[in-house]
Amino acid sequence: MKKEVVITGGLGFIGSAFAAYLDSMVKDHTIIILDKSKKNLSRINLKSKKNKIKIIIANTLQIESKLEKFKNITAVFHFGEFSRIVKSFKHYNECFVSNTLGTFKVLKFCKERNIKIIYSASSSKFGNNGRDENLSPYSWTKSKNIELIKNFNKWYKLDYEIVYFFNVYGPGHSHFGKLAAVIGIFEGQYLKNQPLTVVAPGTQSRDFTHIKDIIRGTYLAWKKDLNKEYLLGTGKKYQIIEIAKLFNHKINIIPFRKGERFSSLKISNDAYKILGYKPKIKIEDYIKKFVKNNKK
């Protein structure tokens, strides 16, 4: 019987990239993609000769009923959550339903069927010496999910890996809408010849990690199988204004907004030592290539 793995949010930016990478790294698996959004079906165009790809349109609240017939699931890669800090203030209902109720359903499903969960955590937990975990509905729900996963391990022996993502960017990210993050927003504004909007004061610092590095680190954590946490950053921080200047384009400073983080953590090198993980793509090189390919 083929092994089965589940990717929640598997039609989204990170989930779809991971699905393609996983397909290239394993064989004789059934890769089950669970995603609530039909409009993202175009993200997945896998015609695998190595694995069976199954796409199910459903949200995580339905995970038990939708996956009932699959009896050999060994891992759930859980990317299917609400994923924006500032937008979580306005869309707080969606945030809590997805990140609290939905993730509980995923944990219950994994616990009852003895399935390992690989959880995509947020580096926002570490900002301001850990105090930023209460800065927004998004940050709070993500940090509490980490506590819950660890408690499920203590209470029920749930196997897990937790991988912290640091401002993921790269091909396939959104340029507009509530899921767009800073690099994608800057690209969209650049392509429309609009000023890049930098939130005041612009000195907020971030660690940016390319999607290819993120999905490779996630895969390595799963294969290592140690019930640990890994910080998949580059270890280098940039001020937002510095990132904007790399585009060599007009910049517009806009007012400070609620939920804005001022710093991110300088990561430890545990992921380097244990996983052999080392980021390969630098944000400066990525932006330089983008500007060159889209020069006005």
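Each value, and the rule that gives it
Residues numbered from 1 in each chain as written. Predicted model: local features only at pLDDT ≥ 70, side-chain atom pairs only at ≥ 80, totals over all residues. Heavy atoms only, no water. Helix = DSSP H or I, 4+ residues; strand = E, 2+ residues; numbered from the N terminus. Expected span 1.5 Å × (residues − 1). Buried < 20%, exposed > 50% of the residue type's maximum accessible area, 1.4 Å probe, protein only. Salt bridge = Lys/Arg side-chain N within 4 Å of Asp/Glu carboxyl O. Axes fitted to C-alpha atoms, helices over the stretch in contact; angles between N-to-C directions. Parallel < 35°, antiparallel > 145°, perpendicular 65-115°, else oblique. Left-handed = near helix turned anticlockwise from the far one by under 90°. Contact = heavy atoms within 4.5 Å. Nonpolar A, V, L, I, M, F, W, Y, C, P; charged D, E, K, R; others polar. Core = buried A, V, L, I, M, F, W, Y, C linked by side-chain atoms within 4.5 Å. Pairing = 2+ DSSP bridges.

On to helix H1 (residues 13-25). Compared with the 18 Å implied by 1.5 Å per residue over 13 residues, the 19 Å span of H1 between its first and last C-alpha is a close match. Looking at H1, one finds that the buried residues are Phe 13, Ile 14, Gly 15, Ser 16, Phe 18, Ala 19, Leu 22 and Asp 23.

What follows concerns the pattern of salt bridges. If you walk through the whole model with that rule in mind, you get 10 salt bridges. Measuring nitrogen to oxygen at the nearest pair gives 3.3 Å for the salt bridge that ties Lys 36 to Glu 94. One end of the pair, Lys 36, is in the loop between strand E2 (29-35) and strand E3 (52-57); the other, Glu 94, is in helix H4 (residues 92-113), with 58 residues separating them in the sequence. On the basis of relative accessible area, Lys 36 is assigned to the exposed category, the value being 52%. Glu 94 gets classed as partly exposed once you look at its relative accessible area, which sits at 24%. With its nearest N and O atoms 2.9 Å apart, the salt bridge here joins Glu 161 to Lys 116. Pair noted here: Glu 161 is in strand E6 (residues 160-165) and Lys 116 is in strand E5 (residues 116-122), with a separation of 45 residues, a long-range link. Accessibility assignment for this pair places Glu 161 and Lys 116 in one class, buried. Residues participating in the shared-partner salt-bridge network are Glu 64, Lys 108 and Glu 112.

Here the focus is the packing of H1 against helix H7 (residues 211-224). Closest axis-to-axis distance for the H1/H7 pair is 10 Å, and the angle between their directions is 60°. What the angle tells us is that H1 and H7 run oblique. For the pair H1 and H7, the crossing hand works out as right-handed. Here Phe 13, Ile 14, Ala 17, Phe 18, Tyr 21, Leu 22 and Met 25 of H1 lie close against H7, whose contacting residues are Ile 211, Ile 214, Ile 215, Arg 216, Thr 218, Tyr 219 and Trp 222. Taken together, the residues of the contact of H1 with H7 sort by class into 12 nonpolar, one polar and one charged.

We now examine the packing of helix H6 (residues 182-191) against helix H10 (residues 283-293). Their axes nearest at 12 Å, the elements H6 and H10 cross at an angle of 20°. Between H6 and H10, the angle is such that the two are roughly parallel. Our pair here, H6 against H10, has a crossing hand that is right-handed. Residues Ile 183, Glu 187, Tyr 190 and Leu 191 of H6 pack against Ile 283, Tyr 286, Phe 290 and Val 291 of H10. Per-class residue counts for the contact of H6 with H10 are seven nonpolar, no polar and one charged.

Glancing now at the nonpolar core. Membership of the largest hydrophobic core comes to 30 residues, with the highest contact counts inside it found for Leu 22, Phe 77 and Trp 222. Mapped by element, the contributors of at least two residues to this core are strand E1 (3-8), H1, E2, strand E4 (73-78), E6, H7, strand E11 (229-232) and helix H9 (270-275). The element best represented in this core is H7, accounting for six residues. Each residue touching Trp 222, except ones within four places of it in the same chain, is listed here: Val 5, Leu 22, Val 26, Ala 75, Phe 77, Lys 116, Ile 118 and Glu 161.

Attention shifts here to H6. Side chains of residues three or four places apart in an α-helix project in the same direction, reflecting 3.6 residues per turn. Judged by how many residues are buried, H6 sits mostly within the fold: seven of 10 residues are covered. Listing the buried residues of H6 in full gives Ile 183, Gly 184, Phe 186, Glu 187, Gly 188, Gln 189 and Tyr 190. Residues of H6 that are buried sit in contact with strand E7 (168-169), strand E8 (196-199), helix H8 (240-245) and H10. With its phi angle positive at about 60°, Asn 193 sits one or two positions after the end of H6.

On to the sheet that holds E1. Pairing in this open sheet of seven strands is parallel, and the strands run E3-E2-E1-E4-E5-E6-E11 from one edge to the other. This sheet does not close on itself; its edge strands, each paired only once, are E3 and E11. Direction aside, the axes of adjacent strands within the sheet are offset by 20° on average. Here E4 runs beside E5; their pairing, made up of four bridges, is parallel. What sits directly across from Phe 77, in E5, is Ile 118. Packed onto the sheet, helix H5 (residues 137-156) meets E5, E6 and E11 and runs at close to 150° relative to E5. On the sheet, H7 packs against E1, E4, E5, E6 and E11 and is oriented at approximately 160° with respect to E6.

Attention now goes to the environment of Thr 60. Relative to the helices and strands, Thr 60 is located in the loop between E3 and helix H2 (63-66). Under the relative-accessibility criterion, Thr 60 is labelled buried at 9%. Setting aside anything within four residues of it in sequence, one finds Thr 60 in contact with Thr 8, Leu 34, His 78, Gly 80, Ser 98, Gly 102, Lys 105 and Val 106.

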